[in-house]
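One letter stands for each residue in the lines below.
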2 protein chains.
Amino acid sequence: MTANRVKVEIITIGDEILIGQIVDTNSAWMAVELNKSGFELAQITSVHDDAAHIVESLELALKRADIVLFTGGIGPTNDDITKQTLTGFFNTKLVFDESVIRNIEQLFANRPGFTINELTYAQAMVPENCTVIQNVVGTAPLTWFEKDAKVIVSMPGVPYEMKNAMSREIIPRLQDYFKTPSLLHKTMLVYGYGESALALKIADWENALPKEISLAYLPNYGVVKLRLSGNSEDILSLEFSMNQQIDLLSQILGNAIIAYEDIPVETLIGNLLKCNGLTVSTAESCTGGNIAHRFTSIPGSSDFFKGSVVAYSNEIKTSVLQVASEDLDNFGAVSQAVVEQMAIGVRRLLKSDVSVATSGIAGPTGGTADKPVGTVWIAVSSEDKIISKEFRFGALREQNIQRATQAALLLLKEII
Amino acid sequence: MTANRVKVEIITIGDEILIGQIVDTNSAWMAVELNKSGFELAQITSVHDDAAHIVESLELALKRADIVLFTGGIGPTNDDITKQTLTGFFNTKLVFDESVIRNIEQLFANRPGFTINELTYAQAMVPENCTVIQNVVGTAPLTWFEKDAKVIVSMPGVPYEMKNAMSREIIPRLQDYFKTPSLLHKTMLVYGYGESALALKIADWENALPKEISLAYLPNYGVVKLRLSGNSEDILSLEFSMNQQIDLLSQILGNAIIAYEDIPVETLIGNLLKCNGLTVSTAESCTGGNIAHRFTSIPGSSDFFKGSVVAYSNEIKTSVLQVASEDLDNFGAVSQAVVEQMAIGVRRLLKSDVSVATSGIAGPTGGTADKPVGTVWIAVSSEDKIISKEFRFGALREQNIQRATQAALLLLKEII
């Protein structure tokens, strides 16, 4: 599977990743974009702001890969040393580049209060052997180096600066520089099977896959993503072959395949709502606004998402969502009776066609013998139908919030 | 700074990270826990499910580090090869371990419908030279290897399984096995300065830092984290010295230091609310429930968080939050008049002491010449006070949602 593809390695630089103060979301984003563009990401390496370690990582990466992409360590402050380290590695010197200052001036023109100080000025000092690529959304320029027909790029670690530069400049330039054969990935979302049960169910199909197609299982909060991958000189026949396999699989799994593309569950549900001309609202207790957040992360979600009531206290459940206080007293907030009334209440209040409500014990406290931490009731309602279901998740708060959110989104599918 | 510390490297295994289908949140969590426990995380390496590459990474890591922690690639399906690869690396064979089956039986006892199939059974085959550590929340056991006074551990990639095992088993065992000198990090959150401006403001102080203390700048959506780090045989005198430096810094920055610990902004605001016996509610348009989600991610947030109305449509702004429809017509939804009424409306509806409201254009569409994408109005209100402020963020939707959320949380500070 690895023949003929141009290999890329990412080296992220900065103490902050290695002491855990930030999560490296950049690399995942870069991985998607590189793969889409026909490159193979072969390794991600995270190292400290330490010159010797950076150079060692670069030397090793250059042995394995054709392209090395650095992120981070190019800010204006003293702890950032990537530029100096690369200058040393190439045995060159820093020179002043006027175009960087022009770019920063343009950048600051729209930001009252921002002025060029000596530290921003230092951004214009660049290694003499590099090609400077302007960072149109930040002050640190990108630097592009070529060595023995390989390419090394250093770019900012700030996510939106990196993303902007990768999309507009780096990927197109890399595609120009290298011949990039096509990689193909196809992903399906499967609902209702654990990873092992799914693997057994489709074992015969998996074992009969043509050798140019590989399969991966990616479980994600109640949904298993199945990803087929392959690369070929003849991308059309690979795609044909992959589609044949997907047809066979859909005969085995039927409706358990809820999507034939790699989309977030909220996008899947949003699309279903839009296709059916329906609007949705949410009444959230234990999920605390996270379902609303997932919907509103989708551009254009105002087409189908009306709004939400996060009803964390019982008082709000009765006063705003019209839950009967007797039912709260008799059955507790985490109960079928209450969650169904929450769903009905929010649908009427926000005048949506369908709605979803959650009430549960996210933890770490609040559990009882009857209703341990992780117990969650979810209801979905429409004008003429209501479906409710009890879930038992685990002991961890953030986990429970995410799993309840996912389950709530998926339960909406039953009522659309 | 690196002398005397036991070095750890993490190797994450799995195509899913390198094609970007998941973000590696495990490593950041492990980094925090390892640092707290006195280990130095020296490198994180992500590689494919590829035996040769896994072995190469392991051999390189063993040259640099004393401990190598593998995550991922130990599921029951065919694409997972870590166990087989380690068995090959140690030139040993797989043997059946009865205790793994006992553990799985216990695990499934509470899960109706889960039965041991041939794939879960295969989890009990482990390399003969390893120490098995039970995974009490999943089916794949952890395996612990010792080689030339170094330790290699293979653990699951599923975050809560990894976290459970690290906290309960791996870190205590590593602390037993190695002498772990103490590392010290202290972090302050600074608000109101960009990274460069802050660096200039504190340059004299930074240059006079004792050599055993190092400084890092970590900008994060309007807040800059300043992190002091050091390690020493004599941890008490290091801490004394670090505290002296923090005192000096607080004389320079005053109130711009909003916290003397590394806590999320929502926790900082939550603590302030609790200390003052106040409750909060949110009315969210462009942030779409994300402020509520941030608050409710905090265990015990029901002490101060009452709830939220996510008012994505104008209709809900008028019907539920009592915004005057003339003001919506005259000034538009993204305006001072509307956001102030949203703040007042939600505070009255949900009977909280203070409230915060957001209304803005998250993008990518909806911008005008007057109000480009990224324009956000935020208001905070209490019984006797209202503060509102206009922000201009950028062009990217998710970025705008996160920045508006952060700004809204920080504006609450002004009214508590």
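Predicted model only: the values in this text are computed from it and were never measured.

Pulling in residues and values, what's your account of the overall build of chain A?
Counting its secondary structure elements, chain A contains 16 helices and 17 strands. Along the three orthogonal principal directions, the C-alpha set of chain A runs to about 75 × 60 × 40 Å. Residues classed as buried in chain A amount to 48% of the 416 residues present. Contacts in chain A between residues far apart in sequence, at least 24 positions, make up 66% of those at least 6 positions apart.

Any chance you could break down the pairing of strand 15 (residues 354-360) of chain A for me, citing the residues and the numbers?
Residues and elements named next belong to chain A. The element strand 15 is largely enclosed, with a buried count of seven among its seven residues. Here strand 15 shows no split at all, with Val-354, Val-356, Thr-358 and Gly-360 on one side and Ser-355, Ala-357 and Ser-359 on the other all buried. Note: strand 13 (residues 280-284) against strand 15, five bridges, orientation parallel. Residue pairing in the sheet places Ser-281 in a bridge with Ser-355 of strand 15. Across seven bridges, strand 15 lies against strand 16 (residues 375-382) in antiparallel orientation. Paired with Val-356 across the two strands is Val-380, which belongs to strand 16.

Describe the interface of chain B and chain A, and please don't skip the residues or the numbers.
The interface of chain B with chain A comprises 72 residues on the first partner and 70 residues on the second. In terms of residues, the side of chain B that touches chain A owes the most to one element, strand 14 (residues 305-311) of chain B, which gives seven residues. Taken together, the residues of the side of chain B that touches chain A sort by class into 35 nonpolar, 25 polar and twelve charged. By the bridge criterion, five bridges tie strand 2 (residues 40-47) of chain A to strand 2 (residues 40-47) of chain B in an arrangement that is antiparallel. By the bridge assignment, Gln43(A) is partnered in strand 2 of chain B with Val47(B).

Please give an account of the sheet that holds strand 11 (residues 223-231) of chain A that cites residues and values.
Residue and element names in this part refer to chain A. Sheet architecture is open: four strands sit in the order 10-11-9-12, paired in antiparallel fashion. Edge positions in the open sheet fall to strand 10 (214-220) and strand 12 (257-259), since each of these has one partner strand only. The mean inter-strand angle of the sheet, taken between neighbouring strand axes irrespective of direction, is 35°. Pairing of strand 9 (residues 183-191) with strand 11 involves nine bridges; the strand directions are antiparallel. Note on strand 11: the bridge partner recorded for Thr-187 is Arg-227.

How would you sum up the confidence of the model for chain A? Please name residues and give values.
Summary statistics for chain A give a mean pLDDT of 92 and a share of 98% for residues scoring 70 or more. Predicted complex metrics record ipTM = 0.75 and pTM = 0.76.

Account for the relation of the copies chain B and chain A, with residues named and values stated.
One copy of the chain maps onto the second through a rotation about an axis and a displacement along it. When chain B is brought onto chain A, the operation consists of a screw motion whose angular component is 180° and whose axial shift is 0.0 Å, with 0.1 Å RMSD remaining. Each copy turns onto its partner about a two-fold axis.

How would you summarise the packing of helix 3 (residues 51-64) of chain A against helix 4 (residues 82-89) of chain A if you had to cite specific residues and measurements?
All names here are of chain A. Close contact between helix 3 and helix 4 brings their axes to 10 Å; oriented N to C, the two are set at 60°. In terms of axis orientation, helix 3 runs oblique to helix 4. Here helix 3 and helix 4 pass one another in a crossing that is right-handed. Here Ala-51, Ile-54, Val-55 and Leu-58 of helix 3 lie close against helix 4, whose contacting residues are Thr-82, Thr-85, Gly-88 and Phe-89. Grouping the amino acids of the contact of helix 3 with helix 4 by side-chain chemistry returns five nonpolar, three polar and no charged.

Please provide a residue-by-residue account of the domain arrangement of chain A, values included.
Domain parsing of chain A yields domain 1 (7-177), domain 2 (183-259) and domain 3 (265-412). Distance from the C-alpha centre of domain 1 of chain A to the C-alpha centre of domain 2 of chain A: 36 Å.

Lay out the sheet that holds strand 1 (residues 7-13) of chain A with the relevant residues and their values.
In spatial order, the strands read 6(A)-7(A)-8(A)-3(A)-1(A)-2(A)-2(B)-1(B)-3(B)-8(B)-7(B)-6(B); together these twelve strands make up an open sheet with mixed pairing. Strands with a single pairing partner mark the edges of an open sheet, and in this sheet they are strand 6 (131-133) of chain A together with strand 6 (131-133) of chain B. With direction set aside, neighbouring strand axes in the sheet form an average angle of 20°. Sheet topology places strand 1 (residues 7-13) of chain B next to strand 2 of chain B; seven bridges connect them, and they run parallel. Looking across to strand 2 of chain B, one finds that Glu9(B) is bridged to Gln43(B). Packing against the sheet, helix 2 (residues 26-36) of chain A makes contact with strand 1, strand 2 and strand 3 (67-71) of chain A, and its axis sits at approximately 165° to strand 1 of chain A.

Any details on unusual backbone geometry? Residues and values, ideally.
Residue and element names in this part refer to chain A. Look at the link from Gly-363 to Pro-364: it is a cis peptide, with omega at 0°. Summarising the element assignment, Pro-364 is placed in the loop between strand 15 and strand 16. Even without being glycine, Ala-149 reaches a positive phi, approximately 65°. Here Ala-149 shows up in the loop between strand 7 (142-147) and strand 8 (150-155).

How would you sum up the pairing of strand 17 (residues 385-392) of chain A? Please name residues and give values.
Residue and element names in this part refer to chain A. Relative to strand 17, strand 16 runs antiparallel, the two sharing eight bridges. What sits directly across from Trp-377, in strand 17, is Glu-390. Linking strand 16 back to strand 17 in an antiparallel pair, the connection comprises two residues.

Mind laying out the nonpolar core, listing which residues take part and the relevant values?
Leu321(A), Met342(A), Ala343(A), Met342(B) and Ala343(B) are the most contacted members of the largest nonpolar core, which has 128 residues in total. Leave out the neighbours within four places in its chain, and Met342(B) touches Ala283(B), Ala311(B), Lys317(B), Leu321(B), Val323(B), Ala357(B), Ser359(B) and Ala379(B). Counting residues in hydrophobic clusters, the runner-up holds 36 residues, among them Leu34(A), Ile44(A), Ala65(A) and Leu174(A).

Describe in detail the environment of Thr82(B), supporting the description with residues and values.
When you line up the elements, Thr82(B) lands in helix 4 (residues 82-89). When sequence neighbours within four positions are dropped, the list of residues in contact with Thr82(B) reads Ile13(B), Ile54(B), Phe70(B), Gly73(B), Ile74(B) and Ser154(B).

Give me the lowdown on helix 10 (residues 235-253) of chain B, citing residues and values where you can.
Since the α-helix advances by 3.6 residues per turn, residues separated by three or four positions end up pointing in the same direction. All names here are of chain B. Taking 1.5 Å per residue, 19 residues should reach 27 Å; helix 10 reaches 26 Å between its end C-alpha atoms and fits that length. Along helix 10, the positions that sit buried rather than exposed are Met-242, Leu-249 and Leu-253. All buried residues of helix 10 lie within an arc of 30° about the axis, which places them on one face of the element. What points out from helix 10, more than 90 degrees from its buried face, is the exposed set Leu-236, Ser-237, Phe-240, Gln-244, Asp-247 and Gln-251. The elements touched by buried residues of helix 10 are strand 9 (183-191), helix 9 (203-207), strand 11 (223-231) and strand 12 (257-259). Gly-254 lies just past helix 10 and shows a positive phi near 55°.

Explain the packing of helix 11 (residues 265-275) of chain B against helix 16 (residues 397-413) of chain B to me, and be specific about the residues and the numbers.
Residue and element names in this part refer to chain B. Packing of helix 11 against helix 16 brings their axes to within 10 Å, and their N-to-C directions diverge by 25°. In this view, helix 11 runs roughly parallel relative to helix 16, as classed from their interaxial angle. Where helix 11 crosses over helix 16, the two elements pack in a sense that is left-handed. Contacts between helix 11 and helix 16 pair Val-265, Glu-266, Ile-269 and Leu-272 from the former with Gln-406, Leu-409, Leu-410, Leu-412 and Lys-413 from the latter. Residues that form the contact of helix 11 with helix 16 fall into these classes: six nonpolar, one polar and two charged.

Quick rundown of helix 11 of chain B? Include the residues and the values.
All names here are of chain B. Within the sequence span of helix 11, burial applies to Val-265, Glu-266, Ile-269, Gly-270 and Leu-273. The buried residues of helix 11 all sit within an arc of 135° when viewed along its axis, so they share a single face. For helix 11, the elements touching its buried residues are strand 11, strand 13 (280-284), helix 12 (290-296) and helix 16. Directly after helix 11, the chain includes Gly-277, whose backbone phi takes a positive value near 65°.

An account of the environment of Trp144(A) is needed here, citing residue identities and associated values.
All names here are of chain A. Within the secondary structure, Trp-144 is located in strand 7. Of the residues examined, Trp-144 has 19 C-beta atoms within 10 Å and is grouped as partly exposed. Considering only alpha carbons, one finds Trp-144 and Asn-129, 15 residues apart in sequence, at a separation of 8.9 Å. When near neighbours in sequence (up to four residues on either side) are disregarded, Trp-144 contacts Cys-130, Thr-131, Ile-133, Val-151 and Val-153.

Report on the environment of Thr282(A), specifying residues and quantitative values.
All names here are of chain A. Along the chain, Thr-282 turns up in strand 13. Thr-282 sits 274 residues away from Val-8 along the chain, and the two C-alpha atoms are 43 Å apart. Apart from the residues within four sequence positions on either side, Thr-282 is in contact with Ile-291, Ala-292, Ser-308, Val-346, Ser-355 and Val-356.

The rules behind these values
Residue numbers run consecutively from 1 along every chain, following the written order of its sequence. As a convention, the first chain written is A and the first ligand written is 1, with the rest following in written order. Since the coordinates come from a predicted model, pLDDT governs what is reported: local features require at least 70, and pairs of side-chain atoms require 80 or more to be given and counted, while whole-chain, interface and lining totals use all residues. Helix numbering and strand numbering both begin at the N terminus, where a helix is a DSSP run of H or I of at least 4 residues and a strand a DSSP run of E of at least 2. Three classes are used. A residue is buried when 20 or more other C-beta atoms lie within 10 Å of its own, exposed when 12 or fewer do, and partly exposed in between, with C-beta atoms placed from the backbone. Residue pairs are scored as contacts if the distance between their C-beta atoms, which are placed from the backbone, is within 7 Å. Criterion used throughout: strands pair if DSSP finds at least two bridges between them. Classification used: nonpolar for Ala, Val, Leu, Ile, Met, Phe, Trp, Tyr, Cys and Pro, charged for Asp, Glu, Lys and Arg, polar for all others including Gly. Only C-alpha atoms enter the line fits that serve as axes; for helices the fit covers just the stretch in contact. Angles between N-to-C directions range over 0 to 180 degrees. The pLDDT score gives, residue by residue, the confidence of the prediction method on a 0 to 100 scale. The fit set for superposing copies consists of C-alpha atoms from residues with pLDDT of at least 70 in both; the fit itself is least squares. Our angle categories are set so that under 35 degrees counts as roughly parallel, over 145 as roughly antiparallel, 65 to 115 as roughly perpendicular, and the remainder as oblique. A crossing counts as left-handed when the near helix is turned anticlockwise from the far one by less than a right angle, and as right-handed when that turn is clockwise. Note that the domain bounds reflect an automated or database-derived domain assignment. One nonpolar core equals one set of buried Ala, Val, Leu, Ile, Met, Phe, Trp, Tyr and Cys residues connected by C-beta atoms within 7 Å. The span expected for a helix works out to 1.5 Å for each residue beyond the first. Think of it as the arc spanned by the lines of direction from the helix axis to the C-beta atoms.

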